[in-house]
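Reading the structure
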Amino acid sequence: MAEMESSICTCWPGSTVWLTGLPSSGKTTIARAVAERLRGLARRVEVLDGDEIRAVLLPGTGFGREDRDARVRRIGLMAEVLARNGVTVLVPVIAPFADSRAAVRERHAAAGTEFLEVHVATPVELCAERDVKGLYAKQAAGEISGLTGVDDPYEAPAAPELRLQTHTMTVDQCVDALVALLAERGLAA
Ligand code: ADP
């Protein structure tokens, strides 16, 4: 155990990296790949999965504006507590509303914890083509409604710390850009 602890690098402060973007834009893929890269550098890393957290922390909540806002704020709280304790926290969660994201940013600022907003800026047409969870097809077939970016709002960040264009960049290039940003901010090697 002591040996394991000593192999974890605590040279850099923790931080929250929030990956916001449409469904199937690439948030989870990039977050997991960045986590893997950082673990290779012996960082403490967590990926907070939105679906899992929704099921555990806010079971029975839906996709209306209030429920979405409440979830983003709670996930933001969890991320901040982890980040404050030296973890690099990757949050691949849509977070469609600018004021919810601003509230999470403010919470981090108040605690003196680093917060980076990353916009995974994939055009909706490509997201619909990828349709990893079949949501775009279901919406088109009239089986669901309230799909972010289609018939529900998505407020793209006006000034994110980083914007990733997954339609012109490979996953590896996206990971390189994000890890470079962390390094530039003194948050990773
Ligand atoms: P989200 O978490 O945003 O809903 P996912 O990461 O689950 O999206 O799915 C994105 C899909 O797009 C995956 O199948 C992934 O392999 C693919 N993809 C293609 N190019 C990229 C890229 N540059 N970055 C991220 N994902 C990409």
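See the structure printed just above.
All of the points below concern the structure found in this document. The shown structure was predicted, so the numbers you read here are calculated from the model rather than taken from an experiment.

**Observations regarding the packing of helix 4 (residues 65-84) against helix 5 (residues 98-111)**
The N-to-C vectors of helix 4 and helix 5 enclose an angle of 20°; their axes lie 9 Å apart at closest approach. One finds that helix 4 runs roughly parallel with respect to helix 5. Taken as a pair, helix 4 and helix 5 cross one another with a handedness that is right-handed. Side by side, helix 4 and helix 5 meet where Arg65, Asp69, Val72, Arg73, Gly76, Leu77, Ala79 and Glu80 of the first sit next to Asp99, Ser100, Ala103, Val104, Arg107, His108 and Ala111 of the second. Classifying every residue of the contact of helix 4 with helix 5 by side-chain character gives six nonpolar, three polar and six charged.

**A short note on the site of the ligand**
Inspection of the region around the ligand gives 16 residues, with Ser24, Lys27, Thr28, Thr29 and Met169 positioned closest. Contact distances for the ligand include 2.7 Å between an oxygen atom and a side-chain N or O atom of Lys27. In this structure, Met169 approaches the ligand through a main-chain N or O atom, which is 2.7 Å from a nitrogen atom. The fraction of the free accessible surface of the ligand (570 Å²) that becomes covered by protein chains is 76%. With four residues, helix 2 (residues 27-40) is the largest single contributor of residues to the shell around the ligand. For the shell around the ligand, a count of residues per class yields seven nonpolar, seven polar and two charged.

**A word on the sheet that holds strand 3 (residues 88-92)**
Read across the sheet, five strands follow the order 2-3-1-4-5 without closing on themselves; strand pairing throughout is parallel. The open sheet terminates on both sides in strands that have one partner only, identified here as strand 2 (45-47) and strand 5 (162-164). This sheet shows a mean twist of 20° between the axes of neighbouring strands, independent of strand direction. Strand direction decides the pairing type here: strand 1 (residues 15-20) and strand 4 (residues 114-120), joined by six bridges, are parallel. When the bridges of strand 4 are listed, Trp18 appears paired with Glu117. Relative to strand 3, helix 2 is tilted by about 165°, and along the sheet it contacts strand 1, strand 2, strand 3, strand 4 and strand 5. Packed onto the sheet, helix 4 meets strand 1, strand 2 and strand 3 and runs at close to 150° relative to strand 1.

**Here's the deal with the pattern of salt bridges**
On inspection of all chains with the given rule, the structure shows 11 salt bridges. Asp51 is the partner of Lys133 in a salt bridge, and the nearest nitrogen-oxygen pair spans 2.8 Å. One end of the pair, Lys133, is in the loop between helix 6 (124-130) and helix 7 (135-140); the other, Asp51, is in helix 3 (residues 50-57), with 82 residues separating them in the sequence. Taking the shortest distance from any N to any O, the salt bridge between Glu161 and Arg105 comes out at 2.9 Å. Residue Glu161 is found in the loop between helix 7 and strand 5, and its partner Arg105 is found in helix 5; the two are separated by 56 residues along the sequence. Three or more residues joined by partner-sharing salt bridges are found here, namely Arg101, Arg105, Glu117 and Glu161.

**Here we look at the side chain of Thr20**
Structurally, Thr20 can be placed in strand 1. Residue class for Thr20 comes out buried when judged on its relative accessible area of 0%. With sequence-adjacent residues up to four places away left out, Thr20 is seen in contact with Lys27, Val93, Ile94, Ala95, Arg101, Glu117, Val118, His119, Val120, Tyr154 and Pro157.

Parameters at a glance
Residues numbered from 1 in each chain as written. Predicted model: local features only at pLDDT ≥ 70, side-chain atom pairs only at ≥ 80, totals over all residues. Heavy atoms only, no water. Axes fitted to C-alpha atoms, helices over the stretch in contact; angles between N-to-C directions. Helix = DSSP H or I, 4+ residues; strand = E, 2+ residues; numbered from the N terminus. Parallel < 35°, antiparallel > 145°, perpendicular 65-115°, else oblique. Left-handed = near helix turned anticlockwise from the far one by under 90°. Contact = heavy atoms within 4.5 Å. Nonpolar A, V, L, I, M, F, W, Y, C, P; charged D, E, K, R; others polar. Near = heavy atom within 4 Å. Polar contact = N/O pair within 3.5 Å; in protein donor to acceptor, adjacent residues only side chain to side chain. Areas by Shrake-Rupley, 256 points an atom, 1.4 Å probe, with all protein chains shown as cover. Pairing = 2+ DSSP bridges. Salt bridge = Lys/Arg side-chain N within 4 Å of Asp/Glu carboxyl O. Buried < 20%, exposed > 50% of the residue type's maximum accessible area, 1.4 Å probe, protein only.

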